[in-house]
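# Understanding the architecture of this molecule
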Amino acid sequence: MTSLQLTNAMSYKLSANISPKVCSFRPSSQLGFLHSGHWSRKSFRDGRLTVVRSDIAGNESEFDGLSDSSNSNSGVVDEEGGEKEVEEMEKQGVMLGIDRDGSGSVIALHLIPPSGEVATESYHDEVAEPKDEDEGIEEEKIQTRVTYNIVFVTAEAAPYSKTGGLGDVCGSLPVVLAGRGHRVMVVSPRYLTGNSADKNFAGAIDLDRRTTVHCFGGEQEVAFFHEYKKGVDWVFVDHPSYHRPGNPYGDIHGAFGDNQFRFTLLCHAACEAPLVLPLGGYTYGEKCLFIVNDWHASLVPVLLAAKFRPYGTYKDARSILVIHNLGHQGVEPASTYMNLGLPSEWYGALEWVFPTWARTHALDPGEAVNILKGAIVTADRILTVSKGYAWEITTVEGGHGLNELLSSRRIVLNGIVNGIDVLEWDPSSDEHIGFHYSADDLSGKAQCKIALQKELGLPIRPECPMIGFIGRLDYQKGIDLIRWGIPELMEDDVQFVMLGSGDPLYEDWMRAAETTYRDKFRGWVGFNIPISHRITAGCDILLMPSRYEPCGLNQLYAMRYGTVPVVHATGGLRDTVENFSPYAGDGSGEGTGWTFSPLTKESMLESTFLIRTKFHLTADVKNSYIDLQRSQVNMESIDEKRNAKRLHLGNSCHSIRASFRVDLYGSAIYSMIGKPEYGNTGMEKKPSKVLRIC
Ligand SMILES: Nc1ncnc2c1ncn2[C@@H]1O[C@H](COP(=O)(O)OP(=O)(O)O[C@H]2O[C@H](CO)[C@@H](O)[C@H](O)[C@H]2O)[C@@H](O)[C@H]1O
């Protein structure tokens with residue numbers, strides 16, 4: 001039984017026992033249609049209609065239609081009759097052609113929708129659909145039939161290098177894709193900082209392959225180091241410019257001045273790697289899919305188009321630009337262009353002219369190059385890390401100047417919410433926390449809170465609501481709002497812990513606030529992964545007042561650890577945190593956290609206030625939960641019965657299906673790469689509930 005559903009990107013869902021099925025539209029002089037489980041393709045030849053019939057197995061037979069009198073859709077027709085046929089076919093849906101893989105199996109059907117059909121779903125039969133959300137976390141082993149050579153290019157990949165969410169995603173998603181049977185390589189720099197972090201690269205060996213990159217007016221020799229781990233080829237580009245103290249982008253003095261040079265090297269080297277590195281004995285070759293992450297990797301699709309394809313190389317390669325943060329675009333003076341190793345005629349791809357108001361003086365022509373823009377115009381697909389953010393970046397408010405360009409590429413723009421590494425972030429086995437817990441036994445969470453209070457030197461008060469913040473101290477994260485709100489918040493009976501590094505202004509403020517509010521506030525300046533786990537486990541509430549948030553990972557970690565996220569309703573935060581409503585679920589209340597809007601100090605404080613008053617935190621170690629109590633202020637009109645409602649932390653753990661999200665992301669990319677040049681078959685699913693209130 002074959003059934004079809006049209007996607008908005010002109011592709012069909014096939015729920016039949018053939019595979020794989022990524023279908024797309026392709027103009028053709030041939031027309032076809034589906035009937036009786038067969039696909040028929042028709043073409044006019046010498047004024048006569050020829051019918052080529054294909055069965056599900058892909059076997060084709062050609063006939064003129066007369067011989068198939070049983071078929072009302074076949075027969076010899078003239079051009080006029082052919083028009084009627086075409087009308088008829090359009091009503092039914094039309095197939096334009098079939099793609100096959102090397103073995104002759106059907107891998108794609110090119111279809112015209114039946115008129116009027118508007119369903120929007122896509123499907124890939126190797127991709128397991130989520131079952132019941134309450135099933136818990138079950139890692140399903142999904143193997144693909146068609147495998148690809150996938151090359152991630154990224155400035156960071158955990159655990160080798162990480163300053164934020166980019167590192168997390170590029171450290172975990174490749175492993176998931178490799179688990180599906182794809183051949184996956186991750187190319188990133190080999191950062192040596194002279195401290196203990198260098199041991200992260202200890203397992204990577206020199207492949208003894210050197211390649212010369214022509215850029216910035218000279219020749220640069222880069223080396224490749226390699227480690228095969230968790231099914232992934234981790235390739236590290238080595239060059240002296242990656243060997244210095246600090247993080248991948250800067251040090252205590254600010255951003256490195258030569259970042260453009262360092263990431264130009266990365267991109268050139270990443271394009272060479274699949275061609276020259278015999279990993280496991282043989283190279284990836286030209287037919288691969290590059291997944292380029294953020295501006296640091298954005299020269300890759302431009303290089304494919306400008307440097308390689310004119311010479312016949314990488315003709316079959318495809319690229320997906322993944323935008324983790326549009327706020328950083330790699331903009332440099334126009335004169336930088338000649339340093340990038342690109343042919344001069346490709347300047348237009350990177351050309352960027354600042355609006356008049358953004359120019360430094362009246363004679364400033366505002367000319368610049370924008371590396372991210374180069375990828376936006378040359379990549380085959382553009383992906384952001386949540387559906388909400390995919391829309392936001394096409395608006396003036398969220399587009400950082402690129403909204404019109406991104407809108408013009410809407411047909412290839414999609415948003416898929418990030419996944420998380422559920423092995424690293426698992427409260428029942430987390431190596432960084434002192435007490436483990438799960439949905440079945442939550443006593444560990446209360447112990448984690450006490451341990452955190454001890455570690456931070458705060459008064460040990462299990463009943464005191466504890467609010468946490470983890471993240472880069474950056475304008476994006478709304479730190480200024482926290483800073484303004486702290487004096488008011490500190491008047492209440494709460495404890496607040498912040499972990500972050502970044503803008504020195506906020507680092508200094510955190511230190512000062514710690515002195516002012518000795519018994520209530522702790523500001524941990526620095527980057528510390530174990531502490532981030534302990535804060536996630538020990539706090540009751542995680543605050544994320546991000547100004548914009550492409551996806552956000554900390555709220556996902558928090559929900560996995562039974563910590564209630566209180567977030568600004570923006571981008572991925574709005575997509576992943578379901579605002580609690582006490583009236584939902586027949587009055588029993590439903591939600592996965594708290595979202596607030598607008599982004600003001602008042603609404604942020606109000607939401608933390610609501611959660612602290614509605615959800616009275618109990619100190620019961622054995623039976624850890626947050627009691628939903630009637631708030632003096634807000635809950636007076638609400639049914640008496642609600643006093644008995646409880647937000648069981650256990651439920652939050654039960655309903656978390658974060659592994660599925662990783663899966664989904666992989667699935668979506670997989671279905672996208674099935675046919676990268678046409679249509680959009682990325683799956684879009686609302687993330688499953690992560691915290692349930694009963
Ligand atoms: N001081 C510190 N010490 C220890 N760990 C720290 C830390 N500061 C941050 N982290 C960790 O870094 C990660 C931050 O991830 P986020 O997704 O929240 O933000 P980021 O803005 O970096 O990522 C960008 O990319 C990701 C991935 O796509 C998007 O989710 C996000 O919206 C986008 O801004 C988390 O794992 C967090 O625990």
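Owing to the predicted nature of the structure, the values given are computational and were not obtained by experimental measurement.

### Notes on the overall build of the protein chain
Within the protein chain, the regular secondary structure consists of 17 helices and 31 strands. Scored against the burial criterion, the 694 residues of the protein chain give a buried share of 58%. Of the contacts formed within the protein chain by residues at least 6 apart in sequence, a portion of 66% connects residues at least 24 apart. With an accessible surface of roughly 28,200 Å², the protein chain has 50% of that area assigned to carbon and sulfur atoms.

### A few points about the pairing of strand S25 (residues 521-525)
Pairing analysis gives five bridges linking strand S24 (residues 495-500) to S25, with the strands arranged parallel. The residue of S25 that forms the bridge with Leu499 is Trp524. Tracing the backbone out of S24, into helix H11 (residues 504-516) and back to the parallel element S25 gives a crossover that is right-handed.

### Here we look at the packing of aromatic side chains
Counted according to the given criterion, the structure contains 17 aromatic pairs. Between Tyr160 and Trp234, the aromatic rings sit 5.4 Å apart at their centres with planes inclined by 50°, giving tilted as the arrangement. Remark: Trp234 occurs in strand S13 (residues 232-238) and Tyr160 occurs in the loop between strand S9 (149-153) and helix H2 (165-179); sequence separation between them is 74 residues. We classify Tyr160 as buried; its relative accessible area is 3%. A relative accessible area of 2% places Trp234 in the buried class. Judged by centre distance (3.8 Å) and plane angle (10°), the rings of Trp425 and Tyr557 are stacked. Placement of Trp425 in the loop between strand S22 (413-415) and helix H9 (443-456) and of Tyr557 in helix H13 (residues 554-560) is noted, with a sequence separation of 132 residues between them. For the pair Trp425 and Tyr557, one class covers both residues: buried. The residue whose ring lies beneath Arg183 is Tyr282, and the NZ or CZ to ring-centre distance is 4.2 Å. One cation-aromatic arrangement involves Arg547 over Tyr475; the distance from NZ or CZ to the ring centre is 4.1 Å.

### Examining the site of the ligand
Lining the immediate surroundings of the ligand are 29 residues, of which Asp168, His324, Arg472, Glu549 and Gly552 lie closest. In the environment of the ligand, an oxygen atom lies 2.8 Å from a nitrogen or oxygen atom belonging to the side chain of Lys477. At 2.8 Å, a backbone N or O of Gly526 approaches a nitrogen atom of the ligand. Surface burial for the ligand is 98%, taken as the share of its 720 Å² of free accessible area covered by protein chains. Of all the elements in the fold, those that place two or more residues in the shell around the ligand are H2, S24, helix H12 (529-538) and H13. For the shell around the ligand, the element with the highest residue contribution is H2, accounting for four residues. Here the shell around the ligand spans two domains, since at least three of its residues come from each of domain 2 (148-415) and domain 3 (443-640).

### A word on the side chain of Lys445
Here Lys445 is to be found in helix H9. The charged side chain of Lys445 is buried without a salt bridge, its nearest counter-charge being Asp540 at 5.8 Å. A distance of 2.7 Å separates a polar atom in the side chain of Lys445 from the backbone oxygen of Ala537.

### A closer look at the pattern of salt bridges
Under the criterion given, the structure shown has 14 salt bridges. Taking the shortest distance from any N to any O, the salt bridge between Arg574 and Glu392 comes out at 3.2 Å. Here Arg574, found in helix H14 (residues 571-576), pairs with Glu392, found in helix H7 (residues 387-392); they are 182 residues apart in sequence, far enough to count as distant. A relative accessible area of 10% places Glu392 in the buried class.

### Some details on the environment of Glu514
Here Glu514 is to be found in helix H11. Remark: the alpha-carbon pair of Glu514 and Met498, spanning 16 residues in sequence, is separated by 9.9 Å. Contacts of Glu514, omitting those with residues within four sequence positions, involve Phe521, Arg522 and Gly523.

### Focus on H2
Between its first and last C-alpha, H2 extends 21 Å over 15 residues, near the 21 Å set by a 1.5 Å rise per residue. In terms of burial, H2 is a largely internal element, 12 of the 15 residues being buried. Within H2 the residues assigned to the buried category are Leu166, Gly167, Asp168, Val169, Cys170, Gly171, Ser172, Leu173, Pro174, Val176, Leu177 and Ala178. Count one or two residues on from H2 and you reach Gly181, which has phi positive near 105°.

### A word on the pairing of strand S17 (residues 318-323)
By the criterion of burial, S17 is predominantly enclosed, with six of the six residues buried. Burial along S17 is two-sided: the face carrying Arg318, Ile320 and Val322 and the face carrying Ser319, Leu321 and Ile323 are both buried. Judged from the five bridges that link them, strand S16 (residues 288-293) and S17 form a sheet pairing that is parallel. Bridge assignment links Val292 to a residue of S17, and that residue is Leu321. Tracing the backbone out of S16, into helix H4 (residues 299-308) and back to the parallel element S17 gives a crossover that is right-handed. Inspection of the sheet shows S17 paired to strand S21 (residues 381-384) by four bridges, in the parallel sense. Along S21, the bridge assignment pairs Ile323 with Thr384.

### Points about H11
For H11, built from 13 residues, the straight-helix expectation of 18 Å at 1.5 Å per residue is met to within 8% by its first-to-last C-alpha distance of 18 Å. Buried residues of H11: Tyr506, Glu507, Trp509, Met510 and Ala513, and no others. The buried residues of H11 occupy an angular sector of 160° when projected down its axis, which confines them to one face. Contacts from the buried residues of H11 go to helix H10 (479-489), S24 and S25. With a side-chain oxygen lying 2.9 Å from the backbone nitrogen of Leu505, the N-terminal cap of H11 falls on Asp503.

### Details of the UniProt feature "domain: Starch synthase catalytic" (unreviewed entry) in the protein chain
Per the UniProt annotation, the sites labelled "domain: Starch synthase catalytic" (unreviewed entry) are residues 149-407. Each end of residues 149-407 is marked by a C-alpha atom, and these two atoms are 30 Å apart; helix forms 25% of the span and strand 28%.

### Considering the packing of helix H3 (residues 259-276) against H4
Between two packed helices, both the angle of their axes relative to each other and the distance between the axes serve to describe the pair. With their axes 9 Å apart at the nearest point, H3 and H4 run at an angle of 60° to one another. The two elements H3 and H4 meet at a crossing, and its hand is right-handed. Taking contact as the criterion, the partners of Thr264, Cys267, His268, Ala270, Cys271, Glu272 and Leu275 in H3 are, on H4, Leu299, Val300, Leu303, Leu304, Lys307 and Phe308. Considered class by class, the residues forming the contact of H3 with H4 number nine nonpolar, two polar and two charged.

### Some details on the sheet that holds strand S20 (residues 367-370)
Strand order across the open sheet formed by three strands is S18-S20-S19, with antiparallel pairing between neighbours. The open sheet has two edge strands with one neighbour each: strand S18 (331-333) and strand S19 (351-353). Each neighbouring strand pair of the sheet contributes to a mean axis angle of 45°, computed without reference to strand direction. When S19 meets S20, the two strands line up antiparallel, connected through three bridges. For Glu351, the partnering residue across the bridge sits in S20 and is Val369. Where helix H6 (residues 371-378) meets the sheet, its contacts fall on S19 and S20, and the angle it forms with S20 comes to roughly 60°.

The rules behind each value
Residues numbered from 1 in each chain as written. Predicted model: local features only at pLDDT ≥ 70, side-chain atom pairs only at ≥ 80, totals over all residues. Heavy atoms only, no water. Helix = DSSP H or I, 4+ residues; strand = E, 2+ residues; numbered from the N terminus. Buried < 20%, exposed > 50% of the residue type's maximum accessible area, 1.4 Å probe, protein only. Contact = heavy atoms within 4.5 Å. Areas by Shrake-Rupley, 256 points an atom, 1.4 Å probe, with all protein chains shown as cover. Pairing = 2+ DSSP bridges. Right-handed = clockwise from strand over helix to strand, strands pointing away. Phe/Tyr/Trp six-rings, centres within 6.5 Å; stacked < 30°, edge-to-face > 60°. Lys NZ or Arg CZ within 6 Å of the ring centre and 35° of its normal. Near = heavy atom within 4 Å. Polar contact = N/O pair within 3.5 Å; in protein donor to acceptor, adjacent residues only side chain to side chain. Domains from an automatic or database assignment. Lys, Arg positive; Asp, Glu negative; His and termini not counted. Salt bridge = Lys/Arg side-chain N within 4 Å of Asp/Glu carboxyl O. Expected span 1.5 Å × (residues − 1). Arc of directions from axis to C-beta. UniProt positions renumbered as here; feature names shortened; annotations may be inferred. Axes fitted to C-alpha atoms, helices over the stretch in contact; angles between N-to-C directions. Left-handed = near helix turned anticlockwise from the far one by under 90°. Nonpolar A, V, L, I, M, F, W, Y, C, P; charged D, E, K, R; others polar.

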